[in-house]
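Spelled out, the chains give:
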Amino acid sequence: MTPSGAVNPVNPVDAVITKALAESGLSYEVPPNGGYFVTLPGTRKLQTNCWLLPTRHGLTVEAFVCRRPDDNHAEVYRFILRRNAKLYGVHYTLDPAGDIYLIGRLAPEAVTPAELDRLLGQVLQAADGDFNTLLELGFAESIRREYRWRASRGESTANLRAFRHLTEDLDSDPAG
């Protein structure tokens, strides 16, 4: 949903965000309690939901990436810590439940249309680009269980194709 005149920007950050999002073609909403809820389309992760939260001190961006890993926590956390060194403007973090997010902050003077584009591009690149790796590292056993369950019922496993290397041995092992 793109608001048309529904937002009454209270500070310059709101004005920049409103203009940049209106010109971006991205789907977004402006909830009554404030902020901007932006949907970034992806390929591996079909969409990444991202909050842009303006304050009088600047802008916070938050995006959910994936839930708490079922297993292999140390490898997942090692991966995201190493990835943090290569990210621009955002970094991986965990919420109290252990779910994985991207978060970033900008000073008010840094909030420009070009910087918002760069920041949202980095959020999308990280969340979408790292998604399968995070699933492989933290959910391999769940993927195998899902594959076995679908195969036993004759259901499609097409959307698990990206993880074929995790399930190849299940095809030749009747015990699964």
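Everything here concerns the structure above.
Residues numbered from 1 in each chain as written. Predicted model: local features only at pLDDT ≥ 70, side-chain atom pairs only at ≥ 80, totals over all residues. Heavy atoms only, no water.

Engineer: Can you tell me about the overall build of the chain, naming the residues and giving the values?
Structural biologist: Each helix and strand in the chain was counted, giving four helices and six strands. Element order for the chain, N to C, with α for helix and β for strand: α-β-β-β-β-α-β-β-α-α. Based on the C-alpha atoms only, the size of the chain along its principal axes is roughly 65 × 30 × 25 Å. Counting the 176 residues in the chain, one finds 39% classified as buried. In the chain, of all internal contacts separated by at least 6 residues, the share reaching a separation of at least 24 is 55%. Here the chain has roughly 9,900 Å² of accessible surface; of this, 53% comes from carbon and sulfur atoms. Placing the 19 positive and 22 negative side-chain charges of the chain at their respective mean positions leaves the two points 2 Å apart. (Helix = DSSP H or I, 4+ residues; strand = E, 2+ residues; numbered from the N terminus. Buried < 20%, exposed > 50% of the residue type's maximum accessible area, 1.4 Å probe, protein only. Contact = heavy atoms within 4.5 Å. Areas by Shrake-Rupley, 256 points an atom, 1.4 Å probe, with all protein chains shown as cover. Lys, Arg positive; Asp, Glu negative; His and termini not counted. Charge placed at Lys NZ, Arg CZ, Asp CG, Glu CD.)

Engineer: Mind laying out the pairing of strand β6 (residues 100–106), listing which residues take part and the relevant values?
Structural biologist: Along β6, five of the seven residues are buried, which leaves the element largely enclosed by surrounding structure. Sheet analysis places strand β4 (residues 58–66) next to β6, joined by seven bridges and oriented antiparallel. Residue pairing across strands places Ala63 opposite Leu102, the latter belonging to β6. Pairing geometry for strand β5 (residues 91–94) and β6, over four bridges, is antiparallel. Looking across to β6, one finds that Thr93 is bridged to Tyr101. The antiparallel pairing of β5 with β6 creates a hairpin that spans five residues between the two strands, and Gly98 there sits at a positive phi of about 95°. (Pairing = 2+ DSSP bridges.)

Engineer: Mind laying out helix α2 (residues 73–84), listing which residues take part and the relevant values?
Structural biologist: The end-to-end C-alpha separation of α2 is 17 Å, in line with the 16 Å expected for 12 residues at 1.5 Å each. Buried positions along α2 lie against β5, β6 and α3 (113–153). (Expected span 1.5 Å × (residues − 1).)

Engineer: Describe the pattern of salt bridges, naming the residues involved and giving the relevant values.
Structural biologist: Enumeration over the complete set of coordinates arrives at 10 salt bridges. Across the salt bridge formed by Glu115 and Arg118, the nearest N and O atoms sit 2.2 Å from each other. Of this pair, Glu115 and Arg118 are both found in helix α3, three residues apart, which corresponds to roughly one turn of the helix. Judged by its relative accessible area of 42%, Arg118 falls in the partly exposed class. Among the salt bridges present, the one from Glu146 reaches Arg150, with a minimum N-O distance of 2.7 Å. In this pair, Glu146 and Arg150 both sit in helix α3, four residues apart, roughly one turn of the helix. (Salt bridge = Lys/Arg side-chain N within 4 Å of Asp/Glu carboxyl O.)

The values are spatial; any link to function lies outside them.
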